[in-house]
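Chain by chain, the residues run as shown.
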Amino acid sequence: MGKQMKENYAETMKAAFREEAHELLAELETALLELEINSTDQELIGRVFRALHTIKGSGAMFGFEKISEFTHEVETVFDQVREGALPASKELIDITLLARDQIFAMLDSPEEDATTTGLKNIEIITLLKKLTSVDSTETTPEAPQAEAEKADQPSQEVEKNYRIRFRPAPDIFLHGTNPILLLDEVRQLGECHILSHTSSIPELKSLDPEKCYTGWDILLTTNKGINSIKDVFIFVEDDSELNIEAIEDEEKPGTDNEPKKLGEILVERGDLAPKKLDQILEEKKPIGKILVDAGLVTTEKVESALVEQRHIKETQEKRQSAEQATSIRVASDKLDSLVNLVGEMVTVQARLSQTTSKVENAVLLAISEEVEHLTAELRETAMSMRMLPIGTTFNKFRRLIRDLSGKLGKEVTLTTEGAGTELDKTVIERLNDPMIHLIRNCMDHGIEMPAERKKLGKDPTGTIHLRAAHSGAYVLIEIIDDGGGLNREKILAKAVEKGLVSREAELSDKEIYNLLFMPGFSTAEKVTGLSGRGVGMDVVKRTIDALSGNIEINTIKDKGTTITLKIPLTLAIIEGLLVQLGGDFFVIPLSSIEECVELSREDAASSHGRHLAKVRGSLLPYIPLRQMFNIGGEVPEIQHIVVVSADGRKVGFLVDEVIGQLQTVIKSLGKAYRNIEGISGATILGDGNVALILDVLKLAKKAEIEEKASVQQ
Amino acid sequence: MSEYKLESIDKNSFSLHLSGQIDIIHAESIKDSLLSALKEGKNLVIDLEKIEGIDLAGLQLLCAAGKTAKAAKKKLTLNKKIPQCFTNTLLESGFFRDKKNTSEKTDECFWLSEWVNR
């Protein structure tokens with residue numbers, strides 16, 4: 001039993017590591033790809049190194065030794081890059097990307113197939129070694145030792161401020177020690193301010209040029225612990241004056257987290273007696289000046305204390321901003337259930353408001369209003385928690401485009417815009433595959449070969465631009481390429497050949513482009529390595545439809561193609577129009593609604609039984625929902641047509657009454673009702689009634705099929 | 001052996017051109033040049049443009065020269081053309097001062113008020 005629990009715990013830890021590693025690998029990939037463009041950016045090299053380093057470290061901690069060992073090799077190479085000994089060449093980035101994929105693969109197959117992964121590892125490491133030639137072979141045998149040392153070190157120690165006073169022995173130069181190198185070592189430990197003390201330097205004639213007169217005060221913020229500071233000075237410690245002390249944490253009660261006052265620091269450092277300080281303080285001049293004037297401390301000491309003050313302030317500010325950015329990891333199903341609960345809450349609140357409006361009670365009304373405000377806020381917060389910037393997805397495509405460019409022999413760069421645009425997490429996840437497919441299409445069919453582009457007078461390097469932007473309750477995602485554009489004739493010919501349209505059919509450009517989304521349509525003359533994913537354009541269309549989104553194609557010959565996806569911000573809540581049919585309520589998604597018009601009984605009769613209404617001079621086909629849903633009873637004198645656009649065509653829905661606009665929380669229908677055509681979900685109204693949400697597209701299609709059938713009869 | 005040339009600008013002003021490594025190996029001869037240069041005239045400009053490097057011993061020398069000049073009420077300055085290696089050593093050794101922290105009445109090295117604060 002106990003053993004099992006232990007195992008469970010280990011598994012949880014491993015899962016946590018895997019999750020972390022996935023994020024780090026994504027970061028690694030992004031940094032590498034950026035580095036490829038900007039190969040000397042130290043910041044980027046640092047990011048790559050840190051990602052590798054963290055994977056290595058936590059891998060070892062959670063028992064992924066193989067990953068840790070492997071990553072160590074890659075890290076070693078990047079250490080050299082960081083030190084400028086090795087350029088971040090394209091070759092190196094290629095191999096590192098391979099290594100990244102390998103780590104990824106190792107993560108997901110914990111029962112490491114020793115032979116295959118092992119072989120692949122060796123292959124990659126050999127490639128790396130070739131690049132670094134001599135250096136890495138030397139470091140490899142040390143690897144396990146370095147690992148062991150790392151484990152011994154209290155690397156988990158908290159970040160602390162240290163005050164180091166270092167007065168080297170006068171004959172330090174003669175021992176062959178260069179104090180500047182020691183200072184460099186201290187700098188490696190963390191953020192620090194170093195201040196030299198030159199007051200002991202005598203005048204020239206009494207100066208022995210081979211003696212060291214300089215001393216230092218150092219303020220260091222590090223998490224490596226006091227011992228690693230001592231290690232720096234280990235060889236000079238005996239002869240020198242060395243004083244290392246940790247500065248007490250500022251977060252003592254009563255100090256309000258404010259940086260220490262100059263006087264306090266001087267007293268604490270033993271440079272000034274507390275009594276003298278109090279005396280001086282009463283005079284209220286800049287304390288440093290007063291103290292120096294009074295000859296109590298030297299300027300140098302004041303200066304050093306000032307540096308300390310500033311250093312601590314800086315590190316504190318840094319820490320604070322780090323704290324502000326902290327986040328916690330929450331399982332997404334917890335968030336889902338939170339959103340669900342908030343949905344219930346919204347419903348109950350609506351009922352509460354409705355009930356209180358009937359009961360004339362001022363107190364109750366006030367409470368109800370307050371609940372309304374709170375619920376609205378709660379809903380917004382809950383929704384925003386599920387929102388993710390789309391940028392992470394964009395970054396994935398960067399890799400895709402890079403790899404595809406190589407395979408196709410085309411040169412393509414990806415530019416992005418609006419990476420910070422936030423979308424519901426589930427929406428982003430579901431967008432991934434369709435977008436991959438669309439981008440593949442751009443690469444495969446859109447962008448021409450470099451030679452061809454040159455002939456057309458274009459830049460041989462093609463561009464794919466991804467743009468995301470908010471537009472009301474929607475996010476617009478555009479995939480813009482500067483390729484050859486869609487070939488209208490080719491598409492039409494193909495469609496006729498496949499029997500999707502008749503030869504005589506006269507189609508608008510839009511209708512022709514929409515043919516692309518028909519199942520079984522492909523204009524590619526030959527199947528390339530790209531089109532093998534089983535995701536056709538029809539699947540793209542279906543996925544976007546399922547998200548209640550919209551897809552649109554615009555193209556200009558030889559200039560390029562723009563594909564626009566219009567996606568609702570969230571799936572959980574929609575804006576809808578509440579309508580009534582007999583005693584039943586239905587919700588039509590507001591996004592597809594164009595307008596509402598009235599239809600009197602005479603108007604209906606005048607079209608001789610066909611479902612056509614005259615709207616501003618043109619005929620509009622409409623669907624009598626009463627018939628469709630078999631709702632009996634008296635039809636009112638004046639009915640309403642809700643005009644919606646479905647697949648670019650206008651269709652009307654005939655209803656009894658339009659009640660109004662409302663925000664609804666979508667509830668999925670149970671298993672038994674899942675496959676009912678024309679209904680996409682349900683919602684609970686304020687008074688507890690259930691309203692079904694209409695699937696506009698399906699209904700329109702169904703009506704079309706029925707109409708065709710009746711014409712043929 | 002590097003040469004340290006003292007050049008007269010006018011009756012009271014001199015310029016000392018240093019070159020090569022300003023380090024512990026050459027410290028003794030640099031010290032001598034500085035001493036003799038400080039005996040002449042009222043204003044002395046030290047020209048570091050041609051130096052190839054400087055170490056802590058070199059910095060100490062310059063600092064000591066500054067103190068000597070101050071004591072003798074003479075004006076010692078650095079040529080405006082400062083090589084990168086000099087600035088680097090200043091940064092590495094903690095000799096560099098931020099304007100924010102430097103009080104006016106400093107017994108610090110003379111160049112601080114001269115150009116570090118620019």
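Residues numbered from 1 in each chain as written. Chains lettered and ligands numbered in written order. Predicted model: local features only at pLDDT ≥ 70, side-chain atom pairs only at ≥ 80, totals over all residues. Heavy atoms only, no water.

Draft legend 1. Expanded view of the packing of helix 14 (residues 332-358) of chain A against helix 15 (residues 362-385) of chain A. Residues and elements named next belong to chain A. As a packed pair, helix 14 and helix 15 sit with axes 9 Å apart at the nearest point and diverge in direction by 160°. Considering the angle they form, helix 14 stands roughly antiparallel to helix 15. Classified by chirality, the crossing of helix 15 by helix 14 is left-handed. For the pair helix 14 and helix 15, contact is made by Leu335, Leu338, Val339, Val342, Met345, Val346, Gln349, Leu352, Ser353 and Thr356 and by Leu364, Leu365, Ser368, Val371, Glu372, Thr375, Leu378, Arg379, Ala382, Met383 and Met385, respectively. A class-by-class count of the residues in the contact of helix 14 with helix 15 yields 14 nonpolar, five polar and two charged. (Axes fitted to C-alpha atoms, helices over the stretch in contact; angles between N-to-C directions. Helix = DSSP H or I, 4+ residues; strand = E, 2+ residues; numbered from the N terminus. Parallel < 35°, antiparallel > 145°, perpendicular 65-115°, else oblique. Left-handed = near helix turned anticlockwise from the far one by under 90°. Contact = heavy atoms within 4.5 Å. Nonpolar A, V, L, I, M, F, W, Y, C, P; charged D, E, K, R; others polar.)

Draft legend 2. A look at the sheet that holds strand 17 (residues 638-646) of chain A. All names here are of chain A. The strand order 14-17-18-16-15 describes an open sheet built from five strands, whose pairing is mixed. At either end of the open sheet lies a strand with only one pairing partner, and these are strand 14 (593-600) and strand 15 (612-615). The mean inter-strand angle of the sheet, taken between neighbouring strand axes irrespective of direction, is 35°. (Pairing = 2+ DSSP bridges.)

Draft legend 3. Layout of unusual backbone geometry. Look at Arg616(A): it is not a glycine, yet its phi comes out positive at around 45°. If you trace the backbone, Arg616(A) turns up in the loop between strand 15 and strand 16 (618-624).

Draft legend 4. Here's a closer look at the environment of Thr564(A). All names here are of chain A. Its place among the elements puts Thr564 in strand 11 (residues 560-568). As a C-alpha pair, Thr564 and Arg467 span 97 residues in sequence and 9.3 Å in three-dimensional space. If we skip the residues at most four places from it in the chain, Thr564 touches Leu476, Ile477, Glu478, Asn550, Ile551 and Glu552.

Draft legend 5. How the structure looks around helix 3 (residues 84-93) of chain B. Residue and element names in this part refer to chain B. Among the residues of helix 3, those classed as buried are Phe86, Thr87, Thr89, Leu90 and Ser93. Seen end-on, helix 3 carries its buried residues on one side only, within an arc spanning 160°. Immediately downstream of helix 3, the backbone of Gly94 shows phi near 75°, a positive value. (Buried < 20%, exposed > 50% of the residue type's maximum accessible area, 1.4 Å probe, protein only. Arc of directions from axis to C-beta.)

Draft legend 6. Inspection of the pattern of salt bridges at higher detail. Residues and elements named next belong to chain A. What the rule picks out here adds up to 30 salt bridges over all chains. The partner of Arg163 in a salt bridge is Glu245, with the nearest N and O atoms 3.4 Å apart. In this pair, Arg163 is assigned in strand 1 (residues 160-167) and Glu245 in strand 4 (residues 241-246), connecting sequence segments 82 residues apart. Among the residues examined, Glu245 registers a relative accessible area of 30% and is labelled partly exposed. Residues Arg453 and Glu448 are paired through a salt bridge, measuring 2.9 Å at the closest nitrogen-oxygen approach. Residue Arg453 shares its accessibility class with Glu448, and that shared class is buried. If you follow the salt bridges from partner to partner, you end up with Glu29, Glu36, Lys90, Asp94, Arg100, Asp101, Arg399, Arg402 and Asp403 in one network. (Salt bridge = Lys/Arg side-chain N within 4 Å of Asp/Glu carboxyl O.)

Draft legend 7. Main features of the interface of chain A and chain B. Listed as interface residues are 32 residues of chain A and, on the opposing side, 34 residues of chain B. Counting each side, the surface lost to burial between chain A and chain B is near 2800 Å², with a carbon and sulfur contribution of 55%. When residues of chain A are sorted by the area they lose upon contact with chain B, Leu204(A), Pro209(A) and Glu303(A) head the list and together hold 24% of the total. Viewed at the interface, chain B and chain A are joined by zero salt bridges. If you look at where chain A meets chain B, you find nine residue pairs in polar contact (both at pLDDT 80 or more). (Buried area = accessible area lost by both parts, 1.4 Å probe. Polar contact = N/O pair within 3.5 Å; in protein donor to acceptor, adjacent residues only side chain to side chain.)

Fair warning: the whole summary comes from geometry, so function is off the table for now.
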